[in-house]
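Residues per chain, in single letters:
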Amino acid sequence: MDRNRLHNQVASMRRSLFDQGYLDDQFIQLEELQDDTNPNFVQEVVTLFYNDSARLIQNIEQALNSSPIDFCKLDDYMHQFKGSSSSIGAKKVTNECTAFREYCNAENAEGCIRSFQQVKQEYAILKRKLEVYLQTVRQASQTA
Amino acid sequence: MVMAASETKFHVLAVDDTLIDRKLIEKLLKTSSYQVTAVDSGTKALEFLGLNNNDHQDVEVNLIITDYCMPGMTGYDLLRKIKESSSFKDIPVVIMSSDNIPSRINRCLEDGAEEFFLKPVQLSDVNKLRPHLMKRRTQTNVNKRKAMDEIVSPDRTRARYNELEVN
């Protein structure tokens, strides 16, 4: 009974992640690549994403706090952030990154700062949801 | 060099400065039954090929797939270096990029790239590689046959087609 409940929970969490636009098809690609030779592939890639994101967020904070702001460097960091978020299918985060880069290209410091808050917010929400989701997936697979 | 009786897996050299994308492309290629070597820069790619050792090919690489945006040597720079080298110009090169810039895409294709994939790269993209590899292998085999005056046995041909059918 527990097993069914967990599996249903996984299915409904997964559906909601896609329906609410947090994840897109690229995440499905990751799931499809997971197999017996790489049973933790999704988690490994997602962990790389967390590590990358933490580093980039810190770099962007520093770049936004420096005076004058180096928009080239900012765009470079955000290009990387956008790249890794789109590689795991993090749809909302990717969209916020795109919005940020537009402010960056316009050299709009205030716009960048505001937009960056959005990026961090979406990232935090996704990270939380993904952590819970993947933990539930693990539990479901371990339940006999 | 003596030809093996059965064809071995194609060897793809993947170049990307991002760890996530390297991991992804490696998995995509391995899932498609390619042997993969992944490096994080164009310079390392050239070293691996042995381009620095008097243009002598140290290892056999059947295809190079490279990211465009990389610090130092871009994927485009790498493409040019490969195509300018007498030993390696026939190795098919594929470029990947997260930016959809038509002028960039056209320039790469005009300067010798076989394909240009937009990131994130998917299995459907990787499936497009095989024709480029098969074409080269057939050409290479024909050249080797002419050079060595060898007769291709029906068994060897059958083995090659069996490999195709599996995928």
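Treat the numbers as computed from the prediction; the structure is a model and nothing was measured. (Residues numbered from 1 in each chain as written. Chains lettered and ligands numbered in written order. Predicted model: local features only at pLDDT ≥ 70, side-chain atom pairs only at ≥ 80, totals over all residues. Heavy atoms only, no water.)

Draft legend 1. Geometry of the overall build of chain B. From N to C terminus, chain B includes seven helices and five strands. For chain B, the N- to C-terminal ordering of α and β elements is β-α-β-α-β-α-β-α-β-α-α-α. Out of the 167 residues in chain B, the part that is buried amounts to 45%. The long-range fraction of contacts in chain B, counting pairs at least 24 apart against all pairs at least 6 apart in sequence, stands at 65%. On chain B, roughly 8,500 Å² of surface is accessible, and the fraction owed to carbon and sulfur atoms is 50%. (Helix = DSSP H or I, 4+ residues; strand = E, 2+ residues; numbered from the N terminus. Buried < 20%, exposed > 50% of the residue type's maximum accessible area, 1.4 Å probe, protein only. Contact = heavy atoms within 4.5 Å. Areas by Shrake-Rupley, 256 points an atom, 1.4 Å probe, with all protein chains shown as cover.)

Draft legend 2. Structural context of the pattern of salt bridges. Using the criterion set out here, one finds 18 salt bridges over all chains in the structure. Between Lys30 of chain B and Glu26 of chain B there is a salt bridge, with its nearest N and O atoms 3.2 Å apart. Of this pair, Lys30 of chain B and Glu26 of chain B both sit in helix α1 (residues 19-31), four residues apart, which is roughly one turn of the helix. Among the charged side chains, a salt-bridge network with shared partners connects Asp75 and Arg101 of chain A together with Asp99 and Arg104 of chain B. (Salt bridge = Lys/Arg side-chain N within 4 Å of Asp/Glu carboxyl O.)

Draft legend 3. Spatial organisation of the UniProt feature "domain: HPt" (unreviewed entry) in chain A. Following the UniProt record, one finds the feature "domain: HPt" (unreviewed entry) at residues 38-133 of chain A. The distance separating the terminal C-alpha atoms of residues 38-133 of chain A is 19 Å; by composition the span is 86% helix and 0% strand. (UniProt positions renumbered as here; feature names shortened; annotations may be inferred.)

Draft legend 4. Quick peek at the environment of Ser87 of chain A. Looking at where Ser87 of chain A falls in the secondary structure, it is placed in helix α4 (residues 71-88). Taking relative accessible area as the criterion, Ser87 of chain A reaches 2% and is therefore assigned buried. Ignoring sequence-local partners within four residues, the contact set of Ser87 of chain A consists of Gln26 and Leu30 of chain A together with Ile20, Asp21, Leu24 and Pro120 of chain B. A polar contact of 2.5 Å, which involves the side chain of Ser87 of chain A, links it to the side chain of Asp21 of chain B. (Polar contact = N/O pair within 3.5 Å; in protein donor to acceptor, adjacent residues only side chain to side chain.)

Draft legend 5. Up close: the UniProt feature "modified residue: Phosphohistidine" (unreviewed entry) in chain A. The feature "modified residue: Phosphohistidine" (unreviewed entry), as annotated in UniProt, sits at His79 of chain A in this numbering. Note that His79 of chain A resides in helix α4.

Draft legend 6. Quick look at helix α2 (residues 42-49) of chain B. Residues and elements named next belong to chain B. By the burial criterion, the buried members of α2 are Gly42, Ala45, Leu46 and Leu49. Looking down the long axis of α2, one finds its buried residues gathered within 95° of arc, a one-sided arrangement. Elements in contact with the buried residues of α2: β1 (11-15), β2 (35-39), β3 (63-67) and α3 (75-84). One or two steps after α2, the chain reaches Gly50, where phi turns positive at roughly 90°. (Arc of directions from axis to C-beta.)

Draft legend 7. Quick look at the side chain of Asp75 of chain A. All names here are of chain A. Within the secondary structure, Asp75 sits in helix α4. Within the structure, Asp75 has its side chain in polar contact with the side chain of Arg101 (distance 2.9 Å). Apart from the residues lying within four places of it in its own chain, the contact partners of Asp75 are Arg101, Cys104 and Asn105.

Draft legend 8. How the structure looks around the UniProt feature "modified residue: 4-aspartylphosphate" (unreviewed entry) in chain B. Residues and elements named next belong to chain B. In the numbering adopted here, UniProt assigns the feature "modified residue: 4-aspartylphosphate" (unreviewed entry) to Asp67. Looking at the element boundaries, Asp67 is found in strand β3. On the basis of relative accessible area, Asp67 is assigned to the buried category, the value being 5%.

Draft legend 9. Structural context of the sheet that holds β3 of chain B. Residues and elements named next belong to chain B. Spatially, the five strands line up as an open sheet ordered β2-β1-β3-β4-β5, and their pairing is parallel. Edge strands, defined here as strands with exactly one partner in the open sheet, are β2 and β5 (115-118). Strand-to-strand, the axes of this sheet are offset by a mean angle of 20°, without reference to chain direction. Two strands pair when backbone bridges link them, and β1 and β3 are joined in this way by four bridges, in the parallel orientation. What sits directly across from Ala14, in β3, is Ile65. Contacting β1, β2, β3 and β4 (93-97), α1 crosses the sheet at an angle of about 170° to β2. Along the sheet, α3 contacts β1, β3 and β4; its crossing angle with β4, the most-contacted strand, is approximately 175°. (Pairing = 2+ DSSP bridges. Axes fitted to C-alpha atoms, helices over the stretch in contact; angles between N-to-C directions.)

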